[in-house]
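Chain residues, written in single-letter form:
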Amino acid sequence: MSNSNVTVCVRFRPLSHKERKGNDKVCFNKLDSESFVFKDERDEDVIFSFDKVFYDDSEQSDVYNFLAVPIVADAVNGINGTIITYGQTGAGKTYSMEGPSILHCNELKTGLVQRVLNGLFECLKTSANITTWTVKLSMVEIYLEKVRDLLDLSKDNLQIKESKSQGIFISGATEISIMNGSDALERLSEGIANRAVGETQMNLASSRSHCLYIFSVQHESTPDERVRAGKIILVDLAGSEKVEKTGAEGRVLDEAKTINKSLSALGNVINALTTAKPNHVPYRDSKLTRILQDSLGGSSRAALLCCCSPSWSNSPESLSTIRFGTRTKLIKTLPKPIPTEVYSAKKPSPYSHDQDDLHDGTLSKADSIQSEASYPSLDSCDHDYLRERLLSKLRLSLKEEDVDLLEELFVQEGIIFDPDKVVLDIDSACHDAASQQIAFLVEAVGELSETVQELTDENETLRHQLEVAQEIAARAQCAAAERSGGSLFGFVPAAVLRLVGFVPD
Ligand SMILES: Nc1ncnc2c1ncn2[C@@H]1O[C@H](COP(=O)(O)OP(=O)(O)OP(=O)(O)O)[C@@H](O)[C@H]1O
């Protein structure tokens, strides 16, 4: 189970008809409901573990029950929550969110959006303590860093604001009060029809915007008659595929770059939140993270569903999605290597179409269980070696004192010395450490720029006052020369004298 307020899961969709027809192979090997084996960038088998892994036989209700039910219950208790689907185009993000259709699909295939709405109304209507309640919905998309109202397309550049009473909110976004799930779905289906789609060579109908469904709940309950407010934001992210793969140019290239930037910002925020004592969470790095600010951090709950294609031909993109998941939850999901002697064992994979085909490196269930049981327990020499490798790699790009600080942090976090949490993926750990350092520096630069701006403004005001004073002094000198008697500043208005700090008797 999750050890923080962020739950990270992976979902592999079934092979599509086209993939089956093309004899595409499956790129992972199931171990259990929390882990699977996947080839990494160096073509080595690695076990990845998450809070839960949903395989091709999982039901939509399994995903809802694990990821969303706690978030729905919390929202009714005034705690904000977020559910995010991440992955390349065609990996199953929208299917997980909406099912095949938001309005017309059978109970089995109904997606998270409909289930969350039904869950919310169920909680509100059946709670004996709740006396009055309201549920409001908004639906926006973020496209090229602009927030567009999907319920009113004339509002195409909404601003994100923050207030004490409302927290983070999208100023001017259409909010519709809803009384039941079917009312809500009617309105949401209008929003879905408005969702911007871009054309890429990969998928002509691939979504190039992030789509956000926002449900705000407010209710009064007995006996304290307190009003509680909570919100749930469901986010169907734009496809995470690499730009090169889509062969994009011009506007589509801009889309891809903006998407990559906001997805990195999201990763950095979740990563910072899963650190024991984050000193900086970079919410302001993108519109997406800014909107999610009070639904991701603090006491709120978040769930990330990393959607993957199961096919061998998409394995680099799936690995990238899996890596995103592991980076966002480093402590829980450190990949563990499989001992050499185990993955060299030649047994057929139950997922392979060709029983003799072992060059894909996947392991049979029996092998995998053996691999878990026979993990080498790392002795202190291994730890020292790994620690030194990690630190020397960090020294290449960071200052000595920063490396010392990071070392201290890693020890505090139990990353370096705890045998269960040893960082074996040095590259990934270095990348994360460097990202945090960069985020910290970016914030420092931001603060410095603000200070420079304030000083420049103050300087400008003083310069202006000095000019006025010089002008007055010059005119006073002339007047004094002309008139021998009378008040020196008799001709200067008192207000001007006060402005320059002179108080006449
Ligand atoms: N778990 C699943 N079970 C059955 N079919 C699925 C599942 N997941 C996805 N699919 C099917 O795979 C196809 C692609 O899925 P989907 O449209 O959800 O991808 P996506 O990640 O949202 O892509 P995009 O970024 O382009 O919106 C769809 O035809 C969908 O019905």
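What counts, and at which threshold
Residues numbered from 1 in each chain as written. Predicted model: local features only at pLDDT ≥ 70, side-chain atom pairs only at ≥ 80, totals over all residues. Heavy atoms only, no water. Axes fitted to C-alpha atoms, helices over the stretch in contact; angles between N-to-C directions. Helix = DSSP H or I, 4+ residues; strand = E, 2+ residues; numbered from the N terminus. Left-handed = near helix turned anticlockwise from the far one by under 90°. Contact = heavy atoms within 4.5 Å. Nonpolar A, V, L, I, M, F, W, Y, C, P; charged D, E, K, R; others polar. Near = heavy atom within 4 Å. Polar contact = N/O pair within 3.5 Å; in protein donor to acceptor, adjacent residues only side chain to side chain. Areas by Shrake-Rupley, 256 points an atom, 1.4 Å probe, with all protein chains shown as cover. Phe/Tyr/Trp six-rings, centres within 6.5 Å; stacked < 30°, edge-to-face > 60°. Buried < 20%, exposed > 50% of the residue type's maximum accessible area, 1.4 Å probe, protein only. Core = buried A, V, L, I, M, F, W, Y, C linked by side-chain atoms within 4.5 Å. Expected span 1.5 Å × (residues − 1). Bend = angle between axes of the 7 residues up to and from the residue.

Novice: Hey, could you go over the packing of helix α4 (residues 112-126) against helix α5 (residues 181-194) for me, with residue numbers and the actual values?
Specialist: Between α4 and α5, the shortest axis-to-axis distance is 9 Å and the interhelical angle comes to 145°. The interaxial crossing formed by α4 with α5 has right-handed handedness. Residue-level inspection shows Val113, Gln114, Leu117, Asn118 and Phe121 of α4 in contact with α5, the latter providing Gly181, Ala184, Leu185 and Leu188. For the contact of α4 with α5, the residue count by class is six nonpolar, three polar and no charged.

Novice: Account for the site of the ligand, with residues named and values stated.
Specialist: In the vicinity of the ligand lie 14 residues, with Gly90, Gly92, Lys93, Thr94 and Tyr95 positioned nearest. Measuring from an oxygen atom of the ligand, one finds a backbone N or O atom of Gln88 at 3.5 Å. Interatomic distance of 2.7 Å between a backbone N/O atom of Tyr95 and an oxygen atom of the ligand. Taking 630 Å² as the accessible area of the ligand by itself, protein coverage stands at 70%. Of the residues in the shell around the ligand, the class split is three nonpolar, eight polar and three charged.

Novice: How would you summarise the packing of aromatic side chains if you had to cite specific residues and measurements?
Specialist: Enumeration according to the criterion identifies 10 aromatic pairs in this entry. Ring geometry for Phe36 against Phe48: centres 6.1 Å apart, planes inclined by 35°, an arrangement best described as tilted. Of this pair, Phe36 sits in strand β3 (residues 35-39) while Phe48 sits in strand β4 (residues 45-49), and the two are 12 residues apart along the sequence. Take Phe36 and Phe48: they sit in the same class, and that class is buried. With 6.1 Å between their ring centres and 10° between their planes, Phe36 and Phe50 make a pair best called stacked. Residue Phe36 is found in strand β3, and its partner Phe50 is found in the loop between β4 and β5 (52-54); the two are separated by 14 residues along the sequence. With a relative accessible area of 0%, Phe36 lands in the buried category. According to the relative accessible area criterion, Phe50 is buried, its value standing at 0%.

Novice: I'd like a rundown of the nonpolar core, residues and numbers included.
Specialist: With 51 residues, the main nonpolar core has Phe12, Phe36, Phe38, Leu212, Leu266 and Leu292 as its most contacted residues. Looking at which element gives the most residues to this core, the answer is helix α7 (residues 250-273), with seven residues. In this structure, Phe66, Leu67, Val72 and Leu305 belong to the second largest nonpolar core, which totals 43 residues.

Novice: Help me get a handle on helix α2 (residues 60-76), residues and values and all.
Specialist: With 17 residues, α2 extends 22 Å from end C-alpha to end C-alpha; this agrees with the ideal 24 Å at 1.5 Å per step. The principal kink in α2, of about 50°, is found at Ala68, preceding the proline Pro70 by one to four residues. Considered for burial, the residues of α2 that qualify are Gln60, Val63, Tyr64, Phe66, Leu67, Ala68, Ile71, Val72, Asp74, Ala75 and Val76. Positive phi appears at Gly78, one or two residues downstream of α2, with a value of about 85°.

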